[in-house]
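Coordinate analysis (summary)
The residues making up each chain are set out below.
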Amino acid sequence: MTEGKPFSQACENNKQVILEKLAAVFSSPGTILEIGTGTGQHAVHFAGNLRHVTWQPSDHPSNYQLCEPRLAEARLPNISKPLALDVSISDWQLPPVNGAFSANTAHIMSWQEVKAMFRGVAANLQQGEAFCLYGPFNYGGTFTSASNQQFDASLRRQKPTMGIRDMDDLEQISSENGLILESDFEMPANNRLLVWRKH
Ligand SMILES: C[S@@+](CC[C@H](N)C(=O)[O-])C[C@H]1O[C@@H](n2cnc3c(N)ncnc32)[C@H](O)[C@@H]1O
C-alpha cells in the first residue's frame, strides 16, 4: 500500500540509477545521513538495498515528518527515525555519521543554506568519508540543457533565492570546507551525481 503517501515521480525514475552509484561509494558499514529526505522514497530504496548501512533520514523541521508514513510501512531495521535538521543552524548536534547524501536540495535551498549544508556536512564527516549530492548543476555559468534552463527560470520565478547552482561555486565552498571532488557522474535527465570526500 502506498496510496495517500507523499509521492515523487522523479524519485521513482532516479532511485535505481542513484542506488547503483551509492552502492560503490557507501560500500562499508556505517551510518549515512540523508539531508532533505522529502517523501522517503529514496530512503526506503537505498536502505532496503544497502543492508550494511544504517540510513538516517532528515529534513527541515517543517518537513521532516513527511517521510514517516512510508518509513513506517517499510519497517526496515536499518532506517533510523527521521531527524528535524535545518542545514542553516550552526551546530547540527547529530549522532555520529559516516557519510552523507542529498538529492535535489541545492537548487531549492538559498545559496546561504547551500553553504551551510557543505559546512555542516564537512563538520560531521571524518577524513575519507563521502558526501554525495544529486541534482542538476551548471558548468562555467552554462546550463547543460534547455530543460534545465527552463527549470531554473521557473524556480527563480517562484522564489528568487532558488536556482540551479554552478559547479565552480560548489567547488569553492567544498574546498573551503576540506571536501575534495572525487567523481562527477552523468545521470539521466540532465542530472549529475557529485561525490566529495573529506580530507
Ligand atoms: C525538491 S525537495 C527534494 C526531496 C527529495 N530529496 C527528493 O529528491 O525528492 C527539496 C527538499 O529540501 C528540503 N530543504 C529545503 N531547505 C532546507 C533546509 N534549510 N534544511 C534542510 N532541508 C531543506 C525540503 O524540505 C525538501 O525536502
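In case you missed it, the structure is sitting above this.
Here is a short report on the structure shown in this document.

Reading the values: the criteria
- Residues numbered from 1 in each chain as written.
- Predicted model: local features only at pLDDT ≥ 70, side-chain atom pairs only at ≥ 80, totals over all residues.
- Heavy atoms only, no water.
- Helix = DSSP H or I, 4+ residues; strand = E, 2+ residues; numbered from the N terminus.
- Core = buried A, V, L, I, M, F, W, Y, C linked by side-chain atoms within 4.5 Å.
- Buried < 20%, exposed > 50% of the residue type's maximum accessible area, 1.4 Å probe, protein only.
- Contact = heavy atoms within 4.5 Å.
- Near = heavy atom within 4 Å.
- Polar contact = N/O pair within 3.5 Å; in protein donor to acceptor, adjacent residues only side chain to side chain.
- Areas by Shrake-Rupley, 256 points an atom, 1.4 Å probe, with all protein chains shown as cover.
- Nonpolar A, V, L, I, M, F, W, Y, C, P; charged D, E, K, R; others polar.
- Pairing = 2+ DSSP bridges.
- Axes fitted to C-alpha atoms, helices over the stretch in contact; angles between N-to-C directions.

It is worth spelling out the environment of Gln-65 at this point. Mapped onto the elements, Gln-65 comes out in the loop between strand E2 (53–59) and helix H3 (68–74). Between the C-alpha atom of Gln-65 and that of Leu-83, which follows or precedes it by 18 residues, the distance is 8.6 Å.

As a further point, take the nonpolar core. Ranked by internal contacts, the top residues of the largest apolar core, which has 25 residues, are Phe-118, Phe-131 and Leu-170. For this core, the secondary structure elements donating two or more residues are strand E1 (30–35), helix H4 (111–124), strand E5 (130–135), helix H6 (167–176) and strand E9 (191–198). It is H4 that provides the largest number of residues to this core, a total of five residues. Setting aside anything within four residues of it in sequence, one finds Phe-131 in contact with Ala-100, Phe-101, Ser-102, Met-117, Phe-118, Val-121, Leu-125, Leu-194, Val-195 and Trp-196.

Around the ligand sit 17 residues in total, of which Gly-36, Asp-59, Asn-63, Asp-86 and Ala-103 are the nearest. Between the ligand and Gly-36 there is a distance of 2.7 Å, counted from a nitrogen atom to a backbone nitrogen or oxygen. Asn-63 places a polar side-chain atom, nitrogen or oxygen, 2.9 Å from an oxygen atom of the ligand. Considered on its own, the ligand offers 590 Å² of accessible surface; in the complex 84% of this is hidden by protein. Of the residues assigned to the shell around the ligand, the class counts are six nonpolar, eight polar and three charged.

With that settled, consider the sheet that holds strand E4 (residues 99–103). Strands sit in the order E3-E2-E1-E4-E5-E9-E8 across an open sheet of seven strands; the sheet is mixed. Each edge of the sheet is formed by a strand with only one pairing partner; in this case those strands are strand E3 (83–84) and strand E8 (179–187). Relative to E9, E5 is paired through six bridges, and the arrangement is antiparallel. Opposite Tyr-134, over in E9, you have Leu-193 as the bridge partner. The strands touched by helix H2 (residues 41–49) are E1, E2 and E4; relative to E2, the strand with the most contacts, the crossing angle is about 175°. Sheet strands in contact with H6 are E8 and E9, and its direction is about 150° off that of E8.

Moving on, we get to the pairing of E8. Here eight bridges tie E8 to E9, and the two strands are oriented antiparallel to one another. Opposite Leu-181, over in E9, you have Trp-196 as the bridge partner. Hairpin connection between E8 and E9: a loop of three residues separates the two successive antiparallel strands, and Ala-189 in this loop has a positive phi of roughly 60°.

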